Amino acid sequence: MRLSLILALLLGLISALALPPTYILPALWIALPGLLWLIGRARTGREAALFGLVFGFGLNLAGLYWITEPILLEAAQFWWLVPFAVPGLSLAVGVFTAVPCALAWRARPGLARILVLAGTWTLADLGLQFAFTGFPWNLWGTDVALPGLVGTVLIQPAAWIGVLGLTLMVVLAASLPALGRRGILASAVMMLVWAGLGVARLASAHPAAPAAMVGIVQGDGAAEFVSDRAAALALFRRYLALSADAVARARQASGGRLPVVLLWPETASPFLLQTDAGARQAISETVGPNVTVLAGTLRFGSGDSIYNSMAAVQGPGPLEAFYDKWHLVPFGEYQPAWLPFQILPGQGFSRGPGPETLHLRDLPPVGPIICYESVFSGQIVDERDRPDWIALITNDAWFGDSSGPRQHLAASRLRAVEEGLPLARAANTGISALFDASGRQLQRLGMEKQGVLVAPLPGPLPPTIFSHLGLWSPTLLALLASAAGVVMSLRRRNASS
């Protein structure tokens, strides 16, 4: 038993090698057959669940090590959390791998068990998106979002079944070798068909023509909101200078024929753009006419409410529009009511109303999302008022130059494919990027650099199947796989009795 638990932990650690940014996908073709072998050795469902829990603990221990980075920024106050944060979170998330392993143990060995494992693993990941406000981080579907053409091909089915559907495909393909030679052959055929579907979709994609120029501004500021006035002015002037450069390049590239939109990262403005007319005046004078700036800022609402927002600045007058972040980071942006001790001043940020589309003068309608919201598949776009592009602003400086920002980028890329919409991503310290509606990376600015990305804003594709069905698409697929495994198990039991 002890050796089996050690093996489960090692297999979980090995599976983490497939996560961004290493993308060593063959690790899953080792880890999942090994996990199935352990499930087959388990004497009870409870023992199989324990193997799954330890496997998930190892996977998340390696995949989420960077969680300590923001704690270290506040080490004087929260030093005591450092030894507990990553192991505690890994153990909690590991529960969502324990349940599929227990259910798979009840299925007949062979293809039936693989189908149950793939289906219930996907359903567990779906539950992870909603349980305790949700933490759908490092889903195995993001493992196939490799940089370059191979990743672009493999993520195309997300337009039909989302990242959760990709997770099901990954679990199924990587588990099939457990069946021996036929399973290895079936896994290879499945991957070839998968790639063929991706190539076919890319060949048939014909997005609309660009309707604007986009400039993505990366100022490389501090993680914390700047409160010192001298430092705030220095940061603000940096963004103004970078913005002026972006506008000049955009107008030169388009010959002045297309409107220009600039994207500043989350909380990039050290001044409250909602009330600071001087800051809006400085922005408008810098960028000139017919330029919109979408900037991260804090916004005060009624009473004591304060929002993490994106503001649309079009000239020196009042804000043209704003968007309030609604999916907040637990413990970082708001404090759950059940927590017995105080970790945030007050109760943190207030929640916005949900996904929405901003209709701004001279620009294609935009769907704004802020930071953590980008990992929530199927919950980022108002499908009743479909935008033409997605503007994502984030501040990944909290996580340093670790795997965290790169995992976040991979998740963001998949949102473009799922919705069939181009996505512009402005990150404070990187990684800023521009993706077209098929998930191709058109431009990129790496970690801890100052600079701008300027390009024509890619056009949207027609609404995808996933944009119509949302999370129902992978849910039904997972239920179908699980049911098929159950039916196969029952038939074999009836045949043998």
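Remember, predicted model here, so these are calculated numbers, not experimental data. (Residues numbered from 1 in each chain as written. Predicted model: local features only at pLDDT ≥ 70, side-chain atom pairs only at ≥ 80, totals over all residues. Heavy atoms only, no water.)

Q: Any details on a nonpolar patch on the surface? Residues and values, ideally.
A: Taken together, Ile465, Leu469, Trp472, Leu476 and Leu479 make up a surface patch of nonpolar side chains, about 530 Å² in accessible area. Contributions of two or more residues to the nonpolar patch are made by α14 (465-469) and α15 (472-496). One can find Leu476 in helix α15. (Patch = residues over 30% accessible without salt bridge, like charges linked within 9 Å, V, L, I, M, F, W, Y side chains within 5 Å. Areas by Shrake-Rupley, 256 points an atom, 1.4 Å probe, with all protein chains shown as cover. Salt bridge = Lys/Arg side-chain N within 4 Å of Asp/Glu carboxyl O. Helix = DSSP H or I, 4+ residues; strand = E, 2+ residues; numbered from the N terminus.)

Q: Can you break down the pairing of strand β9 (residues 432-435) residue by residue, with the values?
A: Burial of the side chains of β9 extends over both faces: Ser432 and Leu434 are buried on one face and Ala433 and Phe435 on the other. Two strands pair when backbone bridges link them, and strand β8 (residues 423-427) and β9 are joined in this way by three bridges, in the antiparallel orientation. Residue Ala424 lies in a different strand from β9, and its bridge partner there is Leu434. Hairpin connection, β8 to β9: the antiparallel pair is bridged by four residues, and Gly430 has positive phi, about 100 degrees. Where β9 and strand β10 (residues 441-445) come together, four bridges link them in antiparallel fashion. Bridge pairing in β10 places Ala433 opposite Arg444. Connecting β9 to the next strand, β10, in antiparallel fashion are five residues, including Gly439 with a positive phi near 85 degrees. (Buried < 20%, exposed > 50% of the residue type's maximum accessible area, 1.4 Å probe, protein only. Pairing = 2+ DSSP bridges.)

Q: Could you give me a rundown of the sheet that holds β9, with the residues and numbers involved?
A: Here five strands make up an open sheet; going across it, the order is β6-β7-β8-β9-β10 and the pairing mixed. If you trace the sheet from one side to the other, it starts and ends with β6 (366-370) and β10, each paired once. Taking each pair of neighbouring strands and ignoring which way they run, the sheet shows an average axis angle of 10 degrees. Lying over the sheet, helix α13 (residues 403-419) contacts β7 (389-394), β8, β9 and β10, oriented at roughly 160 degrees with respect to β8. (Axes fitted to C-alpha atoms, helices over the stretch in contact; angles between N-to-C directions. Contact = heavy atoms within 4.5 Å.)

Q: For the pattern of salt bridges, give the residues involved together with the corresponding values.
A: As enumerated under the stated definition, the model contains 11 salt bridges in all. For Asp245, the salt bridge goes to Arg249, with nearest N and O atoms at 3.6 Å. With Asp245 and Arg249 both in helix α11 (residues 229-254), this residue pair falls four residues apart, about one helical turn. As a salt-bridge pair, Arg299 and Asp324 come within 2.7 Å of each other at their nearest N and O atoms. With Arg299 in strand β3 (residues 291-300) and Asp324 in strand β5 (residues 321-324), this pair connects stretches of sequence that are 25 residues apart.

Q: Go over the sheet that holds strand β4 (residues 306-313), please, and point to the residues and values.
A: Sheet architecture is open: six strands sit in the order β5-β4-β3-β2-β1-β11, paired in mixed fashion. Across the chains shown, the open sheet's two edge strands, defined by having one partner strand only, are β5 and β11 (451-456). The sheet shows a mean angle of 25 degrees between the axes of neighbouring strands, taken without regard to direction. Sheet analysis places strand β1 (residues 213-218) next to β11, joined by six bridges and oriented antiparallel. The residue bridging Val217 from the neighbouring strand is Val452, located in β11. Contacts from helix α12 (residues 277-287) reach β2 (260-263), β3 and β4, with the element oriented near 165 degrees to β3.

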